[in-house]
Amino acid sequence: MPDPFTPTTQQPTSRGTHVACIMDGNGRWAKRRGLPRTAGHTAGEETLAEIVRAAAHRNIAYLTVFGFSTENWVRPPSEVRHILGLHRRLFGRIDELNANNVRVNWIGRPFDEPGARTPGPVQKAIRDAINDTKHNTGMVLTVAFDYGSRIEIARAAQRAQTKRPTKEINADTIAAELYAPELPPVDVLVRTSGETRISNFLLWQAASARVYFTDCSWPDFGATQLDEALALLTATR
Ligand code: FPP
């Protein structure tokens, strides 16, 4: 039964599959091993690098991951610093990204807008990664950093109204003002670590997504779980 939210012109088969991941459970993974939370995040970054490779080899067209939310700034400063460093590490994996023909993209509060909090070195890492992978033609890896979906949608509605004050605001005019309007709808949304919430991630883009919840912590997530998530699409397409 087709989902009425899925535009008929953008079926996964014609535009390539879009997988989105809420990478949860790093802290608990570390705690179970008697390690500091930061060790869980470090392991999570390694997992992400593996999943990028696995997704690219499966010809997934778009992989979008929740790297750091607008709510995550309240974590202890040392943990925030560690996670920011891991983003710089990920964005610095240029040789690997190029070898896998992966193009980097980013969504989040634009650096120069009120409330935005992305520090300069992370801004630079994001800009460099986008620039150094821009000629790649394979999978688009979008990292959500300083990202919150409700802020994104509210900003999009405001911009739609400001740009066309006399025109009706509708789903198309809002979609055109999202951080990355070219991102297609999410086909499957993954959340790890036994949590069954969407947590303000891609609320607009994932309106018709299948959702794959797994008890597996993000550092333990692998190709097997990715394939299980993808199987949700072939089973019901
Ligand atoms: C959730 O685990 C994870 C995060 C808030 C940060 C995500 C960061 C990574 C996976 C590191 C690598 C990713 C990038 C993009 C560099 P949690 O700390 O909420 O775990 P818990 O719920 O077990 O405490």
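The coordinates are above.
Residues numbered from 1 in each chain as written. Predicted model: local features only at pLDDT ≥ 70, side-chain atom pairs only at ≥ 80, totals over all residues. Heavy atoms only, no water.

Caption draft 1: Structural detail: the site of the ligand. The ligand sits among 16 residues. The nearest are Gly 27, Arg 28, Arg 37, His 41 and Arg 75. In the model, an oxygen atom of the ligand is placed 2.8 Å from a nitrogen or oxygen of the Arg 37 side chain. Its free accessible area being 610 Å², the ligand has 91% of it covered by the protein chains. Elements that contribute at least two residues to the shell around the ligand include exactly helix 2 (26-32), helix 3 (37-57) and helix 4 (77-91). With four residues, helix 3 is the single largest residue contributor to the shell around the ligand. Here the shell around the ligand is built from residues that sort into four nonpolar, seven polar and five charged. (Near = heavy atom within 4 Å. Polar contact = N/O pair within 3.5 Å; in protein donor to acceptor, adjacent residues only side chain to side chain. Areas by Shrake-Rupley, 256 points an atom, 1.4 Å probe, with all protein chains shown as cover. Helix = DSSP H or I, 4+ residues; strand = E, 2+ residues; numbered from the N terminus. Nonpolar A, V, L, I, M, F, W, Y, C, P; charged D, E, K, R; others polar.)

Caption draft 2: Quick peek at the sheet that holds strand 6 (residues 210-213). Pairing is parallel in the open sheet, where six strands are placed in the order 3-4-2-1-5-6. Pairing within the sheet leaves two strands with one partner each, and these edge strands are strand 3 (103-107) and strand 6. Mean inter-strand twist for the sheet, computed between neighbouring axes without regard to direction, equals 20°. Pairing between strand 1 (residues 18-22) and strand 2 (residues 62-69): four bridges, direction parallel. Across the sheet, the residue bridging to His 18 is Tyr 62, located in strand 2. (Pairing = 2+ DSSP bridges. Axes fitted to C-alpha atoms, helices over the stretch in contact; angles between N-to-C directions.)

Caption draft 3: Expanded view of unusual backbone geometry. Of note in this structure, Asn 101 is not a glycine but carries a positive phi near 60°. Inspection of the secondary structure puts Asn 101 in the loop between helix 5 (94-99) and strand 3. Residue classification places Asn 101 among the partly exposed positions, given a relative accessible area of 28%. Phi angles above zero are rare outside glycine, and Leu 202 is one such case at about 50°. (Buried < 20%, exposed > 50% of the residue type's maximum accessible area, 1.4 Å probe, protein only.)

Caption draft 4: Highlighting the packing of aromatic side chains. Under the criterion given, the structure shown has nine aromatic pairs. Residues Phe 66 and Phe 201 carry aromatic rings whose centres are separated by 4.3 Å and whose planes lie at 10° to one another, so their mutual orientation is stacked. Taken as a pair, Phe 66 in strand 2 and Phe 201 in the loop between strand 5 (188-191) and strand 6 lie far apart in primary sequence, 135 residues in all. Taking 6.0 Å as the distance between ring centres and 90° as the angle between the ring planes, the aromatic pair formed by Tyr 147 and Phe 201 counts as edge-to-face. Residue Tyr 147 is located in strand 4 (residues 140-147), and its partner Phe 201 is located in the loop between strand 5 and strand 6; the two are separated by 54 residues in the primary sequence. Joined through ring pairs, the aromatic side chains of Phe 66, Tyr 147, Tyr 179 and Phe 201 make up one cluster. (Phe/Tyr/Trp six-rings, centres within 6.5 Å; stacked < 30°, edge-to-face > 60°.)

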